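Fold and contact review
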Amino acid sequence: MSDANTHRVLILGSGPAGLTAALYAARANLSPMVVEGSQPGGQLTITTDVENYPGFPDGILGPEMMEVFKKQATRFGTRYLYGDVTAADLSARPFRLTVDGREQRAETLIIATGATAKLLGLPSEKTLMGYGVSACATCDGFFFKEKDVVVVGGGDTAMEEANFLTKYATRVRVLHRRDQLRASKIMQDRARRNPKIEFVWNVMVREILGDPQNCGITGVVVEDTRTHERRTLETQGLFVAIGHEPNTKLFAGQLEMDERGYIVTRPRTTETSLPGVFACGDVQDPSYRQAVTAAGTGCMAAIDAERFLEAQHG
Ligand code: NDP
């Protein structure tokens, strides 16, 4: 198998998992091809400071870190395809994937497609997305200078977004559906200490008020989870920070997944239910979801793919 569209290792995704897999596969002379996806660099490109990646004692900006990862993977011969995978047929090897309308074939496939922010599922959220509603404070926070905003969620993402937004907004209210945060203690403490952050407990957002053609959002209707009473909170921005879902739709019915859609890997490996298909990073990790764990499993996936190819070809 040696035509230009057949690859020994095809890697889907270019976040820390995908690019680390590429680095290792490239150094093993496997000329990996990386499909960069619709968000090259992955979720880190929409964050600001990364302070917890070992080796960067002063922190580094997320997008900068992904540039460094890419540079290192490229140095050893990684190749890149721009665009998204629109179809995947894993029924036989080589696996067949459609990227930007072209078929690519893969002897081994490393899935590192990551996860995407979850949304509330309200019709008004859809119509006002980009007009006052956002799922990414680091992308859109700048537009809320001197404004009042709310953040929905009670986990680390919500705390991080709330803290970040206080750089711009006059007040940030965190709307949480319970009266206890899920976030880690350090993130909670940071948010609680921030004088611009307030908490509104036991509420669910039921409706977002506003008009995309006219000034964006004006408020949110929240329902008290205990009394079911509804009230309106006036605000000019709503940030959804309620977790993520894995990007695995393409592989539904072809690979074993858990009830939330995360790809299941065999313990202590990156092997999926199909020989020759490996998964690394957030797409198979509902619990750690860190850049460093994604990179670690990316390394494992490349080594697993290399061993698989060796076993096939001797
Ligand atoms: P989590 O799943 O931890 O938290 C999601 C939050 O959103 C929960 O508080 C949940 O409420 C709430 N929620 C979920 N669905 C809804 C809904 N439909 N309506 C209203 N509220 C809802 O996700 P995160 O993205 O916050 O974090 C995921 C992982 O990433 C964690 O392991 C976290 O530690 C890590 N992380 C670490 C960071 C860091 O260390 N700098 C930064 C960001 C994330 P409830 O609590 O009631 O379930």
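Notes on the structure in this doc start here.

So, the overall build of the protein chain
Secondary structure summary: the protein chain contains seven helices and 19 strands in total. Taken against the 2.2 N^0.38 rule, which gives 20 Å for 314 residues, the C-alpha radius of gyration of the protein chain at 21 Å falls within 12% of a compact globule. Based on the C-alpha atoms only, the size of the protein chain along its principal axes is roughly 65 × 40 × 35 Å. Per-residue burial for the protein chain yields a buried fraction of 49% across its 314 residues. Long-range contacts, defined as pairs at least 24 residues apart, comprise 60% of the intrachain contacts of the protein chain with a sequence gap of at least 6. Only carbon and sulfur atoms are counted for the fraction: they give 49% of the accessible area of the protein chain, which is about 15900 Å².

A look at the side chain of Thr272
Counting through the fold element by element, Thr272 comes out in the loop between strand 18 (244-246) and strand 19 (277-279). A distance of 2.8 Å separates a polar side-chain atom of Thr272 from the backbone oxygen of Val277. In this structure Thr272 touches Leu255, Ile263, Val264, Val277, Phe278 and Ala279, once residues within four positions along its chain are discounted.

Focus: the site of the ligand
As a matter of local geometry, the ligand sits amid 18 residues, with Asp156, Thr157, Arg178, Arg182 and Arg289 nearest to it. Measuring from an oxygen atom of the ligand, one finds a side-chain N or O atom of Arg289 at 2.7 Å. Protein contacts shield 77% of the accessible area of the ligand, which totals 910 Å² for the unbound molecule. Ranked by the residues each element gives to the shell around the ligand, the list is headed by helix 5 (residues 156-165), at three residues. Here the shell around the ligand is composed, by residue class, of three nonpolar, nine polar and six charged.

Quick look at the sheet that holds strand 11 (residues 148-152)
Overall, parallel pairing links the five strands, which are arranged 10-17-11-12-13 in an open sheet. In this open sheet, the two edge strands, each paired with only one partner strand, are strand 10 (133-134) and strand 13 (197-200). As paired strands, strand 11 and strand 12 (residues 171-175) are joined by five bridges and run parallel to one another. Opposite Val152, over in strand 12, you have Leu175 as the bridge partner.

Some remarks on helix 2 (residues 62-75)
Along its 14 residues, helix 2 runs 20 Å from first to last C-alpha, staying within 8% of the 20 Å computed at 1.5 Å per residue. Here helix 2 has its buried residues at Gly62, Met65, Met66, Phe69 and Ala73. Around the axis of helix 2, the buried residues are gathered within 95° of arc, so they sit on the same side. Exposed positions of helix 2 whose direction lies more than 90 degrees from the buried face are Glu67, Lys71 and Arg75.

As for the nonpolar core
Grouped together as the largest cluster of nonpolar side chains are 31 residues, with contacts concentrated most on Val9, Ile11, Tyr53, Met65, Phe69 and Ile110. Secondary-structure elements contributing two or more residues to this core are strand 1 (6-12), helix 1 (16-27), helix 2 and helix 7 (291-313). With eight residues, helix 7 is the single largest residue contributor to this core. What Ile110 contacts, discounting residues up to four positions off in sequence, is Val9, Leu10, Ile11, Leu12, Ala21, Phe278, Cys280, Ala301, Ala302 and Ala305. If you look at the next biggest cluster of nonpolar residues, it comprises 21 residues, including Phe144, Phe164, Val174 and Phe199.

Things to note about the pattern of salt bridges
A pair can form between side chains of opposite charge whenever their charged atoms are brought close. In the structure shown here, the tally under the stated rule is 13 salt bridges. Among the ionic pairs, Asp3 bridges to Arg105, the shortest N-O distance being 2.9 Å. Taken together, the residues Asp3 in the segment before strand 1 and Arg105 in strand 8 (residues 102-111) connect sequence positions 102 residues apart. Among the residues examined, Arg105 registers a relative accessible area of 18% and is labelled buried. Between Arg173 and Asp148 there is a salt bridge, and its shortest N-O distance comes to 3.2 Å. Taken as a pair, Arg173 in strand 12 and Asp148 in strand 11 lie far apart in primary sequence, 25 residues in all. Asp148 shares its class with Arg173; the two are buried. Put simply, Asp3, Arg96, Glu103 and Arg105 are held in one network by salt bridges that share partners.

So, unusual backbone geometry
Here the residue pair Arg93 and Pro94 is connected by a cis peptide bond, since its omega of -5° sits within 30 degrees of zero. Note on placement: Pro94 falls in the loop between strand 6 (85-89) and strand 7 (95-99). A positive phi angle is found at Asn202, which is not glycine, with a value near 55°. With respect to the helices, strands and loops of the structure, Asn202 is situated in the loop between strand 13 and strand 14 (203-211). Judged by its relative accessible area of 9%, Asn202 falls in the buried class. For Arg289, which is not glycine, the phi torsion reads 55° and is therefore positive. Tracing the sequence through the fold places Arg289 in the loop between strand 19 and helix 7.

So, how was this worked out
Residues numbered from 1 in each chain as written. Predicted model: local features only at pLDDT ≥ 70, side-chain atom pairs only at ≥ 80, totals over all residues. Heavy atoms only, no water. Helix = DSSP H or I, 4+ residues; strand = E, 2+ residues; numbered from the N terminus. Rg over C-alpha atoms; globule rule 2.2 N^0.38 Å. Buried < 20%, exposed > 50% of the residue type's maximum accessible area, 1.4 Å probe, protein only. Contact = heavy atoms within 4.5 Å. Areas by Shrake-Rupley, 256 points an atom, 1.4 Å probe, with all protein chains shown as cover. Polar contact = N/O pair within 3.5 Å; in protein donor to acceptor, adjacent residues only side chain to side chain. Near = heavy atom within 4 Å. Nonpolar A, V, L, I, M, F, W, Y, C, P; charged D, E, K, R; others polar. Pairing = 2+ DSSP bridges. Expected span 1.5 Å × (residues − 1). Arc of directions from axis to C-beta. Core = buried A, V, L, I, M, F, W, Y, C linked by side-chain atoms within 4.5 Å. Salt bridge = Lys/Arg side-chain N within 4 Å of Asp/Glu carboxyl O.

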